[in-house]
Amino acid sequence: MFNSIKSAKRKVITFDDDEENISSQGHDTQSTAAPAEQKSSKATKTKAQKESESSEPTSTAESQEEPTPSTTTLTKKQKRQQQHQYDRPKKIANKEPTTEAIIAKAKDLKKHREALPIYTARDIIIKEVKENACVVIVGETGSGKTTQIPQYLLEAGLAAHGTISVTQPRRVAAINLAKRVAEEVGTPIGQKVGYSIRFDDTSSKDSLIKYMTDGIMLRELLSDRLLLRYSVIILDEAHERTLRTDILFGMVKSIQKKRADMIQAGRRDIQPLKIVIMSATLDAEKFSEYFYNAKIMYISGRMFPVKILNTVEPQSDYVDSALVTAFQIHQDEAPGDILIFLTGQEEIESLEKLIEEYAVDLPPTVGKLIPCPIFAAQDSATQQKIFEPAPHGTRKVILATNIAETSITIPNIRYVVDTGCHKSRGYNAKIGIESLLVEPISKSSARQRMGRAGREAPGLCFRLYTEDSFDQLDEDSIPEIKRCNLESAILSLKATGIEDPTKFDFMDRPSKSGLLKSLEHLYALEALDDTGALTEIGKKMAAFPVDPPYAKVLLQSEKMECTKEAIEIISLLSVDTIFSAPSSKREEANEARQKFMSLDGDHLTLLNTLRAYESVKGDRDWCRENFINSRHMRHVMDVRKQLIEFCERAGMDPRKSCGHDLEIVLKCFLAGFFQNTALLQPDSTYKSILGGLTVSIHPSSTLFGKKREAIMYNELVFTTKHYIRGVSALESAWLSQAAPKYFGNRHA
DNA sequence: GAGCACTGC
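Residues numbered from 1 in each chain as written. Chains lettered and ligands numbered in written order. Predicted model: local features only at pLDDT ≥ 70, side-chain atom pairs only at ≥ 80, totals over all residues. Heavy atoms only, no water.

Comments concerning the overall build of chain A
Stage number 1. A tally of regular secondary structure across chain A gives 29 helices and 22 strands.
Stage number 2. The buried share of chain A, reckoned over its 748 residues, is 55%.
Stage number 3. A separation threshold of at least 6 residues defines the contact pool for chain A, and within that pool the share at least 24 residues apart is 75%.
Stage number 4. Just so you have it, chain A exposes about 33300 Å², and 51% of that area is on carbon and sulfur atoms. (Helix = DSSP H or I, 4+ residues; strand = E, 2+ residues; numbered from the N terminus. Buried < 20%, exposed > 50% of the residue type's maximum accessible area, 1.4 Å probe, protein only. Contact = heavy atoms within 4.5 Å. Areas by Shrake-Rupley, 256 points an atom, 1.4 Å probe, with all protein chains shown as cover.)

Below, the structure is given as C-alpha cells:
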C-alpha cells in the first residue's frame, strides 16, 4: 500500500496491513464506567470532551510553569518571587476575574463534568474509597480521573479531617491540574484548591485539595512523619514507577498502618488515612497485591482508535527507516502531523538534515514537509516552535526524544513513527557506575507512544520493528529504583526514621549490592557511623534539597569559609548545563564561552559565568549573545535562593565568602567528591584513584584535552566511554587533607 | 569530540 518516493531513490518499507490490528489505546476489559461511552466518543466530540482533554497537561511551556498568580491570593512566598531581581519573561497582564465570574464559570463547567464518562462511576468510586483503606483506580488517558476523583471525594466529605492530596511526577502537571480543578470548584487557585511544587507553593491551611509533586510529599515527610494534615493521599501516574513514587508507596503504607494502630489504641485526635493509587496501565494487580489486595476499578478513556502497522522485515538502521516512512506517510496519507520518536539530540539533528535534503526532491504537487526537532536541552524559545501550526498545505514532522511520550503533548498529531528505542539511564550496582545507553522500549512505552496519534482523531502508528520484536519486548520498563544510584533515597529513608533501609517494604526491591554501595558511600561521607546509624552530619545533610555529596560540600564550606561560593557552584551544577549550544552555531558558542573560562576547570568557569550574568542582571539579550540558556540560569538563581534559606536555617552564614582565594572552594568540593578523582598517567590518560578505571574528560568540559596532574569530577557516566563531567584541576597533595582515611598513606 | 526524561517544605 505504500509507494516509493520516485525522485528520492529510496527503498520502500513494507508494513503489515492487518485489519485486526486496531487498538483504541489498548484493551477490552471490564469497565465500571460505561464502556459504551468509549465507542460513541469516536464519532463526534462534545465540548465536554474537549474540556476534559484540556485538563491534561499540555506542554512544558514556560508560561505554564510560571503562572500569573492572582493578586488576591498572593502568598508571602509568591510576593517574594515576584520581586525577583532577574530578568524573567514578561508575565501577561491578567485581569483578575471577579468572584461572580469564577462562580459562573464553575457552574458552566459543572455540566461538562457531568458529561464525562467517569461521572457514571462517581457513586461507586466514593463508596469504594469510603469502605476501603486502599483503592487502585486504572484510568485511561482522557478519562478525567485526576481532575474528577479528588472532587468526588471532596463532595463526599472526605476532606473534613484533612486535605486530599494528589501527587504528580511532574511540576507542570501539578500546576495545570490544580488550576483546572480550582476553576471547576469555583474558587481562585490557592483557596480550596492549591498546588505545591518546589519554588512555588499556592496551597494554604484551608486547601481541601492539593496537587503536589512527589518530591514535595517526600520532603513533607521529613517534618510530618505521619502526614497528619492529609486525610486522603492519591498517588497518580503510579505506573511510571519513578523512584519517588516507589518510596512513597512504602511510606504511605506504613503511615496508614501506624495511624490505624494509634486509633486502635484509643487516640481520638488521629484520623485514618485513605490511599488511592491511580495508574494508566491495565496490569494493576501488582499495586493491588502490594496494598493488601486492594479493589481495582477500571475507568475507560476518551481515545480515538489508532491502527498499528509493524514492519514486515526487521530494520537495520531505524533513522534511515524513519526517513523513508515519513516520506511515505507524507505522500500517501491524509493531512495531519507526524511524530517520530528517536533516542537523542544527535539522531534528531541528523534526521532533520536528511529530511531537508530529501524534501528538495518532492514533486511540486506535494506540499512541504517541515522537520521540527524537540528535546530537553533546547532553550525554551526553540521548544515553543513546535506548537506553531504548519502553514497551509504543508505538514510538520516532529522529531522528538521521550520528552514527547509523557511531558509534552503536541497538537495535531495523526501519525506516530516509533523506532522502538530510547536512551535510558542505568546503574551498575556492583561497580557503582551510571550509564546512558540506547535500549529497546517496553510494551507499555510502545502503547504510550502509539496513543499520541489518537488524541484528536483516529490515527496511525508505524512501528519500525516487526510484530515478533514487539512480542519480545518487556511488558513494563524496569522501575527506576532498580536501576539508579540510591544514596539520596537511602539518606531520606534514614532521616524519616527507617533505621534499616534494606528491610524497607519496597514494592520492587533494589539489589542488595546497590543498597550496600549506597550505604558505603554514605558512610564515607560521614553521614552514617560504624553501626550504620545516621550521624549529626547525616541529619544535617538530609535536610538539604541536594544530593548527599553536595550536601557534604555545603557543610564543609562553613569550616572553610566559602559558603557563598559553594552555594553558587552547587546551584550552577543543578542544571544539565547553563550553556546553550545549538549545533549549528557551535563555533560561535565556544568562542563566547572563552570569556568566562577558568584554567582551573569547570567549577570556577561556572562561577565566572554567574558573576557576569549578575553584572548584567540576567539580561536576556546578553544571555542570547553569550549562548547562555536563560531558562536554566533562572532555575540556578531559584536554587541559589533556596539554598541560602536552607543554610540560614541550619545556622550557617550563606554570605561567608573566600574572596579571590578560589583554590579553597575546590578543596571544599573535595569533601564531597574525594572519591571522584583521577590522576594523569604516563600515557596521558586519566585513571580514577579508587577503582583504577580509565576515564575521559567529556568534550563539554573546559579541561577537555588538557593534561593536569590530578582532577576531580562531579559525574561519571558510561556512554561510548567512561566520560566525566564537571571537572576541575587539583594538586594531589590536597587529597590526603580532604580524606585522610582514604588517602592518608598514599600521599603522606 | 558529545547527555533520555523527571524531581526537592
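A few points about unusual backbone geometry
Stage number 1. Positive phi outside glycine occurs at Phe-199, with the angle close to 75°.
Stage number 2. Within the secondary structure, Phe-199 is located in the loop between strand E4 (193-197) and strand E5 (200-201).

Observations concerning the UniProt feature "domain: Helicase C-terminal" (unreviewed entry) in chain A
Stage number 1. UniProt marks residues 322-497 with the feature "domain: Helicase C-terminal" (unreviewed entry), using the numbering shown here.
Stage number 2. Helix and strand shares over residues 322-497 are 34% and 25% respectively, and the end C-alpha atoms of the span are 51 Å apart. (UniProt positions renumbered as here; feature names shortened; annotations may be inferred.)

What about the protein's contact with DNA strand B?
Stage number 1. Within the structure, DNA strand B sits among 38 residues, and Ser-223, Ala-376, Lys-423, Arg-425 and Arg-725 are positioned closest to it.
Stage number 2. Each atom of DNA strand B within 4 Å of the protein was assigned to sugar, phosphate or base; sugar and phosphate come to 59%.
Stage number 3. Within the contact set of DNA strand B, a phosphate oxygen lies 2.7 Å away from a backbone nitrogen or oxygen of Arg-198.
Stage number 4. Note that a base nitrogen of DNA strand B is positioned 2.5 Å from one of the side-chain N or O atoms of Ser-223.
Stage number 5. In terms of residue count, helix H9 (residues 214-223) provides more of the surface near DNA strand B than any other element does, five residues in total. (Near = heavy atom within 4 Å. Polar contact = N/O pair within 3.5 Å; in protein donor to acceptor, adjacent residues only side chain to side chain.)

Side note on the pattern of salt bridges
Stage number 1. Taken as a whole, this structure holds 38 salt bridges when the rule is applied.
Stage number 2. As a salt-bridge pair, Lys-127 and Glu-131 come within 3.8 Å of each other at their nearest N and O atoms. In this pair, Lys-127 and Glu-131 both sit in helix H6 (residues 122-131), four residues apart, roughly one turn of the helix.
Stage number 3. According to the relative accessible area criterion, Lys-127 is partly exposed, its value standing at 44%.
Stage number 4. Residue Arg-449 pairs with Asp-418 through a salt bridge whose shortest N-O separation is 2.8 Å. Linking Arg-449 in helix H16 (residues 443-451) with Asp-418 in strand E14 (residues 413-418), this pair joins segments that are 31 residues apart in sequence. (Salt bridge = Lys/Arg side-chain N within 4 Å of Asp/Glu carboxyl O.)

Section: the side chain of Ser-445
Stage number 1. Within the secondary structure, Ser-445 sits in helix H16.
Stage number 2. A polar contact is formed between the side chain of Ser-445 and the side chain of Glu-405, at a distance of 2.9 Å.
Stage number 3. When sequence neighbours within four positions are dropped, the list of residues in contact with Ser-445 reads Glu-405 and Ser-477.

Quick notes on the pairing of strand E18 (residues 677-680)
Stage number 1. Relative to strand E21 (residues 710-718), E18 runs antiparallel, the two being bridged by three bridges. By the bridge assignment, Thr-677 is partnered in E21 with Met-712.
Stage number 2. Here three bridges tie E18 to strand E19 (residues 686-688), and the two strands are oriented antiparallel to one another. Within E19, the position partnered with Leu-680 by the bridge is Tyr-686.
Stage number 3. The antiparallel hairpin formed by E18 and E19 contains five residues in its connecting segment, where Ser-684 sits at a positive phi of about 75°. (Pairing = 2+ DSSP bridges.)

Focus on the UniProt feature "domain: Helicase ATP-binding" (unreviewed entry) in chain A
Stage number 1. The positions UniProt marks with the feature "domain: Helicase ATP-binding" (unreviewed entry) are residues 126-300.
Stage number 2. Taken end to end, residues 126-300 is 40% helix and 23% strand, and its first and last C-alpha atoms sit 17 Å apart.

Side note on the packing of helix H7 (residues 145-155) against helix H8 (residues 171-185)
Stage number 1. Between H7 and H8, the shortest axis-to-axis distance is 10 Å and the interhelical angle comes to 45°. By the angle between their axes, H7 is oblique relative to H8. Relative to H8, H7 is oriented so that their crossing is right-handed. Of H8, the residues touching H7 (which contributes Thr-146, Thr-147, Gln-148 and Gln-151) are Leu-177, Arg-180, Val-181, Glu-184 and Val-185.
Stage number 2. Of the residues in the contact of H7 with H8, the class split is three nonpolar, four polar and two charged. (Axes fitted to C-alpha atoms, helices over the stretch in contact; angles between N-to-C directions. Parallel < 35°, antiparallel > 145°, perpendicular 65-115°, else oblique. Left-handed = near helix turned anticlockwise from the far one by under 90°. Nonpolar A, V, L, I, M, F, W, Y, C, P; charged D, E, K, R; others polar.)

Considering the nonpolar core
Stage number 1. Counting 88 residues, the largest nonpolar core has Ile-247, Phe-249, Ile-277, Phe-291, Phe-544, Leu-554 and Phe-669 as its most contacted members.
Stage number 2. Residue contributions to this core peak at seven residues, all from helix H10 (residues 243-264).
Stage number 3. If we skip the residues at most four places from it in the chain, Ile-277 touches Val-135, Val-136, Ile-137, Leu-235, Ala-238, Phe-249, Phe-287 and Phe-291. (Core = buried A, V, L, I, M, F, W, Y, C linked by side-chain atoms within 4.5 Å.)

Focus: the sheet that holds strand E2 (residues 134-139)
Stage number 1. The eight strands lie next to each other as E5-E4-E6-E3-E7-E8-E2-E9, forming an open sheet whose pairing is mixed. One side of each edge strand has no neighbouring strand; the edge strands of this open sheet are E5 and strand E9 (295-299).
Stage number 2. Where E4 meets strand E6 (residues 209-213), four bridges bridge the pair, whose relative direction is parallel. What sits directly across from Ser-196, in E6, is Met-212.
Stage number 3. In this fold H9 packs onto strand E3 (163-168), E4, E6 and strand E7 (230-235), with an angle of close to 100° to the strand it touches most, E6.

A word on the packing of aromatic side chains
Stage number 1. Following the criterion strictly, the structure yields 12 aromatic pairs and no others.
Stage number 2. Ring centres of Phe-249 and Phe-291 lie 6.0 Å apart, and the angle between their planes is 80°; on these two criteria the pair is classed as edge-to-face. One end of the pair, Phe-249, is in helix H10; the other, Phe-291, is in the loop between helix H11 (285-290) and E9, and 42 residues separate them in sequence.
Stage number 3. Phe-249 sits in the buried class, given a relative accessible area of 0%.
Stage number 4. Here the aromatic rings of Tyr-290 and Phe-291 are separated by 4.9 Å at their centres, their planes lie at 90°, and the arrangement is edge-to-face. Residues Tyr-290 and Phe-291 agree in their burial class; the two are buried. (Phe/Tyr/Trp six-rings, centres within 6.5 Å; stacked < 30°, edge-to-face > 60°.)

Considering the packing of helix H22 (residues 563-572) against helix H24 (residues 602-615)
Stage number 1. Packing of H22 against H24 brings their axes to within 9 Å, and their N-to-C directions diverge by 95°. One element, H22, and the other, H24, form an angle in the roughly perpendicular class. Along its contact with H22, which presents Lys-564, Glu-565, Glu-568, Ile-569 and Leu-572, the element H24 presents His-603, Leu-604, Leu-606, Leu-607, Leu-610 and Arg-611.
Stage number 2. Partitioning the contact of H22 with H24 into residue classes produces six nonpolar, one polar and four charged.

Quick word on the side chain of Ser-630
Stage number 1. When you line up the elements, Ser-630 lands in helix H26 (residues 630-649).
Stage number 2. Those residues in contact with Ser-630 that lie beyond four places of it in its chain are Arg-620 and Cys-623.

Examining the environment of His-603
Stage number 1. Mapped onto the fold, His-603 is located in helix H24.
Stage number 2. Measuring from C-alpha to C-alpha, the distance between His-603 and Leu-218 comes to 30 Å, with 385 residues separating the pair along the chain.
Stage number 3. Setting aside residues no more than four positions away along its own chain, His-603 makes contact with Ile-569, Leu-573, Leu-666, Phe-669, Met-712, Asn-714, Gly-726, Val-727 and Ser-728.
Stage number 4. Separated by 2.6 Å, the side chains of His-603 and Ser-728 make a polar contact.

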